[in-house]
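Structural features, examined
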Amino acid sequence: MKKKVLIIVISVLVLASILGIFLYLTSEDKATSLNVIEKKWIDSNKKTLQDISIYTDVPVFSYNSEGIVFDYLNNLEISTGLEFNKVPYKIGDEIKTKYAFKQSDSLTDNDILMYTDNYVLVTKDTKLYNNPMEIKNITVGILDNTLDKVNSYLLGADVTYKTFSDYDAMFTSLGIEVDSIVVPRVRFLAKVVDSESLNISYNITEYKIYYVLSLGDNNTLNNILTKYYKKWSSDNYDKSFNTNLLNSYFSVSKDASKNVAKLRSKRYIYGFVANAPYDILNDGDLIGINNEIISNFSKVSGITVEYKEFDNVDSMVEAFNSNKIDFYFDKRQHPLRLNLLRYE
């Protein structure tokens, strides 16, 4: 009986020791969210450059070696000691590394989602469309391989499509052969902002593009990139987005100093319909998720934002189209941070 008890005690102690070792190895550091195993892998690979391909032509995210992707990777390098060989390439080029920042039409388990973008309808007039049914009697330029998707997402629009083999040809034809073109929003942010005539008339929010960090075949490195991004984005993403958005905006402007002054010269009015937890009035003050984003953007940009409440979305949209408010949130006009700069 004593021997049986002794065996049980020893078994419990062994299991406790194994559990203790497991918890030690897998417990995460608060500063980096990485565990002992991952930190040891980093220590063993600090002298090995990790290749990762990064676009050079996506404003806000990776434009001329600046953007959110670089903010994230640079922060990871400083915090952990890992070093990345950032291989530049452009959209359409062949990816020559296993790890890459790229755009994709779909998501996989091997992707870290950094941003969900969408296509937009770009015109040379200032008309805004609230839904496809309002889009009438125009010719729309699209890429050859996007006809089916664009047609399905603009269902109900009275349009004629003209296909092109590349975006450069589409922009050249705008106002000549076609009345509007459908292009990815973030990718052509600089081109639209830099033009005095181009405007975003409609956000095709259903037609999505995903900007992702595509992972490779090293599971430990995959875990490090994934876990660190989750922590970094929670603490830094909004600030990085707003800062890089403004940098992108001013860097492509023909006269940056005048545009800075112009941006900050007026008070912006934010329109909203009460909708918890996004927009809530508390003792006359606007609180909620959207207000946090607006406040952060206001601090970074140096602009002043006031707010106006509406009883319903229709009256809010009508006020926006009549230039009585400058911006608002809803499912179609997302995100605020990209729209705001078009209505200063």
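Figured I'd write up the structure that's included with this text. (Residues numbered from 1 in each chain as written. Predicted model: local features only at pLDDT ≥ 70, side-chain atom pairs only at ≥ 80, totals over all residues. Heavy atoms only, no water.)

Focus: the sheet that holds strand E14 (residues 304–309)
Strand order in this open sheet of three strands is E14-E11-E15, and the pairing throughout is parallel. At either margin of the open sheet sits one strand with a lone partner, and together these are E14 and strand E15 (327–328). Here strand E11 (residues 267–272) runs beside E15; their pairing, made up of two bridges, is parallel. Each bridged residue has a counterpart across the sheet, and for glycine 271 the counterpart in E15 is tyrosine 328. (Pairing = 2+ DSSP bridges. Helix = DSSP H or I, 4+ residues; strand = E, 2+ residues; numbered from the N terminus.)

Focus: the side chain of threonine 123
As for its placement among the helices and strands, threonine 123 is situated in strand E6 (residues 111–123). For threonine 123, a relative accessible area of 2% translates into the label buried. Polar contacts involving the side chain of threonine 123 include one to the side chain of serine 201, which spans 2.6 Å. Other than its neighbours up to four places away in sequence, threonine 123 contacts Leu174, Asp179, Ser180, Ser197, Leu198, Asn199 and Ser201. (Buried < 20%, exposed > 50% of the residue type's maximum accessible area, 1.4 Å probe, protein only. Polar contact = N/O pair within 3.5 Å; in protein donor to acceptor, adjacent residues only side chain to side chain. Contact = heavy atoms within 4.5 Å.)

As for the packing of aromatic side chains
Applying the stated rule across the entire model yields 19 aromatic pairs. Aromatic side chains tyrosine 55 and phenylalanine 101 sit 5.8 Å apart centroid to centroid with 70° between the ring planes, which places their arrangement in the edge-to-face category. Here phenylalanine 101 lies in strand E5 (residues 100–104) and tyrosine 55 lies in strand E1 (residues 50–55), a separation of 46 residues in the sequence. The same class applies to tyrosine 55 as to phenylalanine 101, namely buried. Put simply, the rings of Tyr55, Phe61, Tyr89, Phe101, Tyr115, Tyr211, Tyr237 and Phe241 touch in pairs and so form one group of aromatic residues. Here the basic side chain of lysine 162 rests over the ring of phenylalanine 164, its NZ or CZ set 5.6 Å away from the ring centre. Here the guanidinium or amino end of lysine 191 rests over the ring plane of phenylalanine 171, the centre of that ring lying 4.9 Å away. (Phe/Tyr/Trp six-rings, centres within 6.5 Å; stacked < 30°, edge-to-face > 60°. Lys NZ or Arg CZ within 6 Å of the ring centre and 35° of its normal.)

Re the pattern of salt bridges
Under the defined criterion, the tally for this structure stands at eight salt bridges. For aspartate 43, the salt bridge is made with lysine 46, and the minimal N-O distance between the two is 3.5 Å. Aspartate 43 gets classed as exposed once you look at its relative accessible area, which sits at 52%. Residue lysine 46 is classed as partly exposed on the basis of its relative accessible area, which comes to 34%. Among the salt bridges present, the one from aspartate 217 reaches lysine 98, with a minimum N-O distance of 2.9 Å. With a gap of 119 residues between them, aspartate 217 in the loop between strand E10 (199–214) and helix H7 (219–252) and lysine 98 in the loop between strand E4 (84–89) and E5 connect regions that are remote in the sequence. Among the residues examined, lysine 98 registers a relative accessible area of 58% and is labelled exposed. (Salt bridge = Lys/Arg side-chain N within 4 Å of Asp/Glu carboxyl O.)

Topic: helix H2 (residues 36–44)
Buried residues of H2: Val36, Glu38, Trp41 and Ile42, and no others. At the N-terminal end of H2, a side-chain oxygen is found 3.1 Å from the backbone nitrogen of isoleucine 37, two or three residues along, and the residue is asparagine 35.

Overview of unusual backbone geometry
In this structure, serine 65 takes a positive phi of about 70° despite not being glycine. Here serine 65 is to be found in the loop between strand E3 (62–63) and helix H3 (68–80). Taking relative accessible area as the criterion, serine 65 reaches 55% and is therefore assigned exposed. One non-glycine residue with positive phi stands out, namely asparagine 137, at about 55°. Counting through the fold element by element, asparagine 137 comes out in strand E7 (residues 136–143).

Quick word on the pairing of E10
Burial within E10 is extensive, with 14 of its 16 residues counted as buried. Here five bridges tie E5 to E10, and the two strands are oriented antiparallel to one another. Paired with serine 104 across the strands is tyrosine 210, a residue of E10. Of the strand pairs in this sheet, E6 and E10 are connected by twelve bridges, and their pairing is antiparallel. Bridged to threonine 123 within E10 is asparagine 199.

Let's talk about H3
What sets the pattern is the α-helix's 3.6 residues per turn: residues three or four places apart point alike. Here H3 contains 13 residues, and its C-alpha end-to-end distance of 18 Å stays within 8% of the 18 Å for a straight helix at 1.5 Å per residue. All of the buried residues in H3 are Ile68, Val69, Phe70, Tyr72, Leu73, Leu76, Glu77 and Thr80. Phi turns positive one or two residues past the end of H3, at glycine 81, with a value near 95°. (Expected span 1.5 Å × (residues − 1).)

Some remarks on the environment of isoleucine 294
The topology assignment puts isoleucine 294 in helix H9 (residues 289–301). Linking isoleucine 294 and valine 305, residues eleven residues apart in sequence, is a C-alpha distance of 7.9 Å.

Some details on the nonpolar core
Ranked by internal contacts, the top residues of the largest apolar core, which has 82 residues, are Phe61, Tyr72, Phe101, Ile135, Val183 and Leu225. When residues in this core are grouped by element, the largest group, ten residues, is from H7. Beyond its immediate stretch of four places on either side in the chain, valine 183 contacts Asn118, Tyr119, Val120, Val122, Tyr167, Met170, Phe171 and Phe188. Phe310, Met316, Phe320 and Ile325 belong to the second-largest nonpolar core, a separate cluster that totals eight residues. (Core = buried A, V, L, I, M, F, W, Y, C linked by side-chain atoms within 4.5 Å.)

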